[in-house]
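Residues per chain are reported as follows:
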Amino acid sequence: MPSPPFCCCVLPRSARCSLYQVGQCCAGTVCTMPLECTSRGSRSECLPECRTQTLKNLTRVEFPSKFGMTPGFEGGKKNKPAVVVMQEWWGVNAAIRDIAMHVAEQGYRVLVPDLYRGRVAVDRMEAVGAAPLRTRPLTTCPPLHQPATPHPPRPRHRTRGVDDVVSAVQYLRATGSKKVAILGFCQGGAMALCGAQFAGVDAAIPFYGIPGNFTGCDPVKIPKGVPIQAHYGTNDTSFPTSRVVPLYNAMTAAGVYAKLNLYEGLPHAFLNAITPAGRVLFSNGNPVGFNFPSEKLVTQAFSRMTNFLRLHIRY
């Protein structure tokens, strides 16, 4: 029998899908978390499904900060609750923008501040040079695979990173968002904790990051009214549990509302595995045949994150 002139999509809308695969969902849909995960019904387990895509891309914006205008990427309706999405120490690359798109598909406005003002690092030394001193991580993140920039980024003023976070939250509130959360990864995870302390957010979600002593941030001093949901892998050599667990124990003892989620066997930067650009980043440019972290655990972390946002900022 001859083939039809076109082929139907693999998975229709509302079908279960895998965050680790591409091309499963029909045109105009995207594999992401459902908008609602309740305790009853077929969606109670909160697994990814093919959903109608509501946002095609992020828009370049600028917002005022202490050091002038800060660039960034924004998406979603102005009147929606907002999430500030903080970059890893490589800069605002395709992987972090894709994760922001996933967050936006949950019904949020998203803003990705560009701490490096348009630069993207390609190796460890460039990342160290690019980072504002108050946001520099203490350890190495996974390799990055993308073309080199002609001029490595230069160091920024040491207070700029934290001030950019504070200004991002102020901008979102002033332009329509009644509630604002902050989400970050690696360096951005540390910045999420800084934002919880200084930016007046309604919730914070750090993925594998801890502020250094030179940042001026102290997670133990986060206001008691700011809920924290944290995600770390037990195989994270950048932020090992020997550092993570004592910190969160101290935060809890100080009255900070912090929930620490540890994922057995997951390495540093594990959430990169949910997007194609992130998988290229995670595998150092060789995703085919690469042994990525447990899809079950990574999906569980993403599900917990989306449920936490629903609980604390959705209106």
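To be clear, the structure that these remarks concern was listed above.
The notes below deal with the structure included here. (Residues numbered from 1 in each chain as written. Predicted model: local features only at pLDDT ≥ 70, side-chain atom pairs only at ≥ 80, totals over all residues. Heavy atoms only, no water.)

Read across the open sheet, the eight strands follow the order β3-β4-β6-β5-β7-β8-β9-β10; overall the sheet is mixed. A strand with exactly one partner marks an edge of an open sheet, and here the two such strands are β3 (59-65) and β10 (258-263). Direction aside, the axes of adjacent strands within the sheet are offset by 25° on average. Taken together, the seven bridges between β3 and strand β4 (residues 68-75) define a ladder with antiparallel strand orientation. Residue pairing for β4: F63 is matched across the bridge by T70. Here helix α3 (residues 160-174) sits on the sheet in contact with β3, β4, β5 (82-86), β6 (109-113) and β7 (180-185), set at roughly 105° to β3. (Pairing = 2+ DSSP bridges. Helix = DSSP H or I, 4+ residues; strand = E, 2+ residues; numbered from the N terminus. Axes fitted to C-alpha atoms, helices over the stretch in contact; angles between N-to-C directions. Contact = heavy atoms within 4.5 Å.)

Quick look at the packing of α3 against helix α4 (residues 187-198) now. Axis separation between α3 and α4 bottoms out at 10 Å; the angle between their running directions is 60°. As judged from the angle between their axes, α3 and α4 are oblique. Crossing hand, α3 versus α4: right-handed. Here G161, V162, V165 and V166 of α3 lie close against α4, whose contacting residues are M191, C194, G195 and F198. (Parallel < 35°, antiparallel > 145°, perpendicular 65-115°, else oblique. Left-handed = near helix turned anticlockwise from the far one by under 90°.)

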